[in-house]
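Residue-level structural notes
What follows is each chain in one-letter form.
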Amino acid sequence: MTTAGKVIKCRAAVAWEPNAPLMMEEIEVAPPQKNEIRIKVIATGVCHTDLYHLFEGKHKEGFPAVLGHEGAGVVESIGPGVTEFKPGDKVIPLFISQCKECRFCKNPKTNQCEHGWSVDRYCQMSDTTTRMSCRGRPILQFMGTSTFSEYTVINQIAVAKVHDDARLDRVCLLGCGISTGYGAAINTAKVEPGSVCAVFGLGAVGLAAVMGCKNAGASRIIAVDINEQKFEKAKVFGATEFVNPKSHKKPISEVLIEMTNGGVDFSLECVGNVTVMRSALESCVKGWGVSTLVGWTDLDDFSSRPIQLISGKTWKGSLFGGFKSKDSVPKLVLDYMAGHIKLDEFVTHTMTLEQVNDAIELMKSGGCIRTILNVGK
Ligand code: CXF
Ligand code: ZN
Ligand code: ZN
């Protein structure tokens, strides 16, 4: 019996309020409207930004919501006006859209799109409504994606069609963390062959940045973390040296400057901490060093002394690795399938959607790189 055109009742993990566990609920998912796609979610990663929204962020108005933005699934049905997708297609939801028509999409310098979910509007679809409800209450769609649900509805400008043979419980990671870190090194920092790099923070994003530095041909990749257990994984992705800032009396920037005869060519901050952002900038060599902000926070201001930039360093930031989302995600899937980028190595745990709170606790404790939740079949 086809579900197209009908409301679907399904299971989802609902965040009713900040600082509380998610609740498994039966929710209603409305049929896709014009230009929208209803997706049966097969797998989703759990990213730190889901936790940030729940426990740390300022967006207290963004509830109740279905979190999750690192998913992959199969098209269940399409709304009027959708031509690029058909039921059965494998897809990845995109928290950063690519409408291909706005001035940002038309400019090759950026991946920001005017028409999708935006950082200022955390919890709605591109048209500021939601297709999800629970017991008669509208439920917000976090980052426009809401992948902690058996079904979700997304505008076609924020969905990428991927190869039919793609393994969805792996390529879902390209919906956020891996693209974010990998692209930050490749696209935003533009790491050069033979260069010396430092990556601060060895979660999934940082490890993906290490992988980006390696694929770009860096000669030294210094992995920096206060948790030394992460060093072994960092080696797998190409790190050549490891530094624990806590093992040194001197500031980490001075340690790196000494190790590298004046500072690194490229540093990438993958923590989302303004003190670390400053250290990453100050670890760069004067004249040409480039420091890229990858980790997310909007809680504090960041600062450094003007001489840091006046001396010729560049301070940049990267959102979704600078990738134009719809164009790039299908290619990244092919890169994975061809063995050019790693994904399997990021997966440390596999659970069901029902275990989402366990996955969240595991991430909070730093006990995982990525947990994949199997949502559907
Ligand atoms: C997010 C962080 C919050 C702003 C949008 C991008 N990155 C990954 O989760
Ligand atoms: Zn994320
Ligand atoms: Zn656009």
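Look up: the structure comes first, before these words.
Residues numbered from 1 in each chain as written. Chains lettered and ligands numbered in written order. Predicted model: local features only at pLDDT ≥ 70, side-chain atom pairs only at ≥ 80, totals over all residues. Heavy atoms only, no water.

1. Overview of unusual backbone geometry
With the exception of glycine, the majority of residues adopt a negative phi angle, and the majority of peptide bonds are in the trans configuration. Let me state the cut-off plainly: Under the scheme used here, helices are H or I runs from DSSP no shorter than 4 residues and strands are E runs no shorter than 2 residues, and both carry numbers assigned from the N terminus.
The residue after Phe 63, namely Pro 64, is reached through a cis peptide bond having omega -10 degrees. The topology assignment puts Pro 64 in the loop between helix H1 (48-56) and strand E4 (65-66). Positive phi, close to 70 degrees, is recorded for Lys 100, a residue that is not glycine. Here Lys 100 lies in the loop between strand E6 (90-93) and strand E7 (132-134). A positive phi is found at Phe 320, a non-glycine position, where the angle reads about 50 degrees. Tracing the backbone through its elements, the reader meets Phe 320 in the loop between strand E16 (314-317) and helix H9 (325-337).

2. As for the coordination of the zinc ion (ligand 2)
In a perfect tetrahedron of four donors around a metal, the angles come out at 109.5 degrees. In a perfect octahedron of six, they are 90 or 180 degrees. For the record, the criterion: Distances up to 2.8 Å from the metal define which N, O and S atoms are donors, and 3.2 Å serves for Na, K and Ca; water is absent from the atom set, so sites may look incomplete. Site shape is set this way: if four donors have all angles between 85 and 135 degrees, tetrahedral; if opposite donors are over 155 degrees apart and all others between 65 and 115, square planar for four donors and octahedral for six; otherwise irregular.
Looking at the zinc ion (ligand 2), the protein donor atoms are Cys 47 (SG), His 69 (NE2) and Cys 176 (SG), and they sit 2.0 to 2.2 Å from it. Relative to the metal, the four donor atoms surrounding the zinc ion (ligand 2) lie at angles of 96 to 127 degrees, and the coordination shape comes out tetrahedral. Written as a sequence motif, the donor arrangement for the zinc ion (ligand 2) is C-x21-H-x106-C. Taken together, the residues span a long stretch of sequence, with Cys 47 in the loop between strand E3 (36-45) and H1 and His 69 in the loop between E4 and strand E5 (70-78) at a distance of 22 residues.

3. Concerning the layout of surface pockets
Operational definition: A 1.4 Å probe that fits into a set of points on a 1 Å grid over the protein atoms alone but cannot get out defines a cavity; an open set with protein on both sides within 12 Å along at least five of seven lines defines a pocket, and lining residues are those with an atom within 4 Å of a point. Grid points are joined across faces, edges and corners, and a volume is the space filled by probe spheres set on the points.
In this structure, the second largest pocket encloses a volume near 250 Å³. Contributing to the lining of the second largest pocket are 14 residues, with Lys 109, Thr 110, Asn 111, Asn 187 and Gly 322 lying nearest its centre. The element that contributes the greatest number of residues to the lining of the second largest pocket is helix H3 (residues 177-189), accounting for three residues.

4. Considerations on the state of the cysteines
Cut-off, in case you're wondering: Cysteine sulfur pairs qualify as disulfides if the two atoms are within 2.5 Å.
Applying the stated criterion across every chain yields a total of zero disulfides. Lacking any disulfide linkage, Cys 134 is separated from the closest cysteine sulfur, that of Cys 10, by 10 Å.

5. Description of H1
Every α-helical turn comprises 3.6 residues, leaving residues that sit three or four positions apart pointing alike. Selection rule: The buried label goes to any residue with under 20% of its type's maximum accessible area, the exposed label to any with over 50%, and the partly exposed label to all in between, with areas taken from a 1.4 Å probe on protein chains only. Note on contacts: a residue pair is in contact if any heavy atoms of the two residues lie within 4.5 Å.
Those residues of H1 not exposed but buried are Thr 49, Asp 50, Leu 51, Tyr 52, His 53 and Leu 54. Where H1 is buried, its residues meet strand E1 (8-15), E3 and helix H10 (356-364).

6. Regarding the environment of His 163
Structurally, His 163 can be placed in the loop between strand E10 (159-161) and helix H2 (168-171). On the basis of relative accessible area, His 163 is assigned to the partly exposed category, the value being 34%. His 163 sits 12 residues away from Tyr 151 along the chain, and the two C-alpha atoms are 20 Å apart. Non-local contacts of His 163, meaning those with residues more than four positions away in its chain, are made with Lys 90, Val 333, Leu 334 and Met 337.

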